[in-house]
Amino acid sequence: MENKIIKKTVKDGISFGSALAMVISYTNWHSIGWAIIHGLMSWLYVIYYLIRY
């Protein structure tokens, strides 16, 4: 039971991180290509953005 909860939480966190990265990227760069690349980087881009800006 615990293992399923952990897997679902990790999956949801990755999905949310990707969506957040894509929105931040598109808002800044107005480019779908960059948004896709940053979405693949997920939380790494979100953390980078928070530190940089």
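Refer to the preceding data block for the structure.
All figures in this text were calculated on a predicted structure; none of them were measured in a lab.

1. Considerations on the packing of aromatic side chains
Part 1 of the reasoning: All chains considered together, the criterion is met by three aromatic pairs.
Part 2 of the reasoning: Taking 6.1 Å as the distance between ring centres and 35° as the angle between the ring planes, the aromatic pair formed by Y45 and Y48 counts as tilted. Placement of both Y45 and Y48 in helix α3 (residues 43-52) is noted, with a separation of three residues, approximately one turn of the helix.
Part 3 of the reasoning: The class for Y48 is partly exposed, based on a relative accessible area of 43%.

2. A word on the environment of G13
Part 1 of the reasoning: Relative to the assigned elements, G13 resides in helix α1 (residues 2-29).
Part 2 of the reasoning: Look at G13 and you get partly exposed, because its relative accessible area is 26%.

3. Quick look at a nonpolar patch on the surface
Part 1 of the reasoning: On the surface, a nonpolar cluster with roughly 820 Å² of combined accessible area is contributed by W29, W34, I37, M41, L44, Y48 and Y53.
Part 2 of the reasoning: If you list the elements that add at least two residues to the nonpolar patch, you get α2 (32-41) and α3.
Part 3 of the reasoning: The element best represented in the nonpolar patch is α2, accounting for three residues.
Part 4 of the reasoning: Its location among the elements puts W34 in helix α2.
Part 5 of the reasoning: For W34, a relative accessible area of 46% puts it in the partly exposed group.

How each quantity is defined
- Each chain carries its own residue numbering, running from 1 in the direction its sequence is written.
- Per-residue local features of the predicted model are confined to residues with pLDDT of at least 70, and side-chain atom pairs are confined, for both listing and counting, to 80 or more; whole-chain, interface and lining totals are unaffected and use all residues.
- To get the side-chain values, take all heavy atoms of the structure and skip hydrogens and water.
- The aromatic pairing rule takes the rings of Phe, Tyr and Trp, using the six-membered ring of Trp, and pairs them if the centres are within 6.5 Å, calling planes under 30 degrees apart stacked, those over 60 edge-to-face and the rest tilted.
- Comment: elements are numbered from the N terminus, with helices defined as DSSP H or I runs of at least four residues and strands as E runs of at least two.
- The rule is simple: take the accessible area with a 1.4 Å probe, protein chains only, and divide by the maximum for that residue type; under 20% is buried, over 50% is exposed, in between is partly exposed.
- For patch building, the residue pool is restricted to those with more than 30% relative accessible area and no salt bridge; the joining distance is 9 Å between like charges and 5 Å between nonpolar side chains (Val, Leu, Ile, Met, Phe, Trp, Tyr).
- What sets the accessible areas is the Shrake-Rupley method with a 1.4 Å probe; for residues, cover comes only from the shown protein chains.
- Salt bridge criterion: a side-chain nitrogen from Lys or Arg within 4 Å of a carboxyl oxygen from Asp or Glu.

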